Structure formats: structure tokens, C-alpha cells
Amino acid sequence: MMRIFLLVAVLLMSGIPAVAQPVKPDEPAVDLQILKEVQEVVKNIQARYEKTKDLQASFTQKTRIEGFSTPVISTGHFYIKKPGRLRWDYIEPATEEIYVNKDDVKMYVPEHKQVLVGKLTYMAASQAPLQLLQGVAKLDEEFDIEPTAAKDRGAGGILLVSLTPKQGRAEPERAIQKIVIEVQPKTYFLKTIALHEVSGNIATFEFSELKPNSGLKDDLFDFKAPADVEIVRAPVLSRP
């Protein structure tokens, strides 16, 4: 869950850099028109997110687990404020609140009366999520950006964008086979993010009721633990 959450948070906070994808000599010819369309899509995404200082929205998460016919469905809201502040609230089927402030992470589960406290760099086993949340790194350094294999189109006939982790990347990226992104027509905010894991699981996040630049206050992102809540330190994951 933490791996999936981190990647979605990275995509929402960073946007996608508009870069040309070089064609290698041993690869089949690329449809230049399709390549141009993909570049235009990512250029528009980047332009939109560069103008976004804060963002809030509702989400529906559908997780299809390999071997199970019925997906697990969760709903909630998220709030983002640059640089590096995030609040992610699951509402159904269970309540969970996740707070990120640069390198600090707090995961609060009211039912368990516990808050898990840790550092993003250690909980993710890789510094890539932190670097991306802070705008230090770029997605084109972590992923190959291209159209989907079938050149699928989403809302408004806009091409879907596929992100494939580059060879040799550390966790959490190497557990992901690909990420497919669909944008909102006209605004170019992200409409859906589908994470295809190597295991066969697929987690799809669909966003609605997006409200950019509403002036979110800092205290929205500050977790204040109730008196009866136990503070638990997150385990430190070893880096590859």
C-alpha cells in the first residue's frame, strides 16, 4: 500500500516533464504523429501543474488483485500544497489518514488508535519519492514516457500516456511494470492513474471534484494526535 500511495502522490505533485523520447536503432519505427501527440499531452500536463500551488480532490481507488474476480474499492479525499505537503484521507471502507511533510510521514488509523511515524526516505526504501515530491528529480529520469502499446485514447480522445520504469531502478519503481495516465480534457489535470504491478495486481485511481489554488492552509496538513493514540515508529527498510 505504501509503495502504491507514494507513486500516486509523486505523480500528482510533480506532473510529467515534457521530453522527447529518443528512438533506438534496434527498435521498430515509431509513429511520428503519435509521438508528437504524446509530447503535446505531457507538455500540457506540465504546464498545468507548474501553475498549481495547491490542489484538492476526491478519489476512488479500485485494486484488482491477481486471482480475485472482485476489486477492492476505496474512496476518499486528498490535499496537496507545494512544496512537499500532502494529506491523503481514506474514508471508505475504513478510515485512514496519511500526512506527508517533505521527509516526515504519519499514518493514522483511528480504529487501531495508532499513528505510524517515520521518514519517507526509509519507509520507501528509495530516495526517489522524496526527491520527486520536492521537485529535485524528474520523472523522465525514473521512467520511459511513451504511448500505450495499443495507442489507447481516453476522455476527449486524448492519448493515454504510459510510464515504464527504467532498467536498474530501485524500489519502489521496480515492483511496477507500468503506469498508465489519463488526463482531464481541457484542463489536463490527471483523471486516472493505473498502476500495473509485476505481480499482476492493478490499482486504478480516478479523481473528481478537483479544486486547484484554493489557498489551503498549512494547519490542514498538521496531524494532532488524540490523547489516547499510541505512537509507533515505522520500521526502517534496507536500501538495495
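Here, the structure is the one placed above.
The structure reproduced in this document is the subject of the present report.

Quick notes on the rules
Residues numbered from 1 in each chain as written. Predicted model: local features only at pLDDT ≥ 70, side-chain atom pairs only at ≥ 80, totals over all residues. Heavy atoms only, no water. Helix = DSSP H or I, 4+ residues; strand = E, 2+ residues; numbered from the N terminus. Polar contact = N/O pair within 3.5 Å; in protein donor to acceptor, adjacent residues only side chain to side chain. Contact = heavy atoms within 4.5 Å. Buried < 20%, exposed > 50% of the residue type's maximum accessible area, 1.4 Å probe, protein only.

On to the side chain of serine 58. Mapped onto the secondary structure, serine 58 falls in strand S1 (residues 54–64). Of the polar contacts made by the side chain of serine 58, one reaches the side chain of histidine 77; its length is 3.0 Å. There is a polar contact of 2.7 Å between the side chain of serine 58 and the side chain of glutamate 209. For serine 58, the residues in contact, after removing those within four places along its chain, are Gly76, His77, Glu206, Phe207, Ser208 and Glu209.

Note that the residue after lysine 82, namely proline 83, is joined by a cis bond; omega there is 0 degrees. Topologically, proline 83 is positioned in the loop between strand S2 (72–81) and strand S3 (85–92). In this chain, glutamate 92 is followed by proline 93 through a cis amide linkage whose omega measures 0 degrees. In this structure, proline 93 sits in the loop between S3 and strand S4 (96–101). Positive phi, close to 75 degrees, is recorded for lysine 186, a residue that is not glycine. By the element assignment, lysine 186 lies in the loop between strand S9 (176–183) and strand S10 (190–197). Assessed through its relative accessible area of 81%, lysine 186 is described here as exposed. Even without a glycine there, the phi angle at tyrosine 188 is positive, about 65 degrees. Summarising the element assignment, tyrosine 188 is placed in the loop between S9 and S10.

Purely spatial values, then, with no claim about function.
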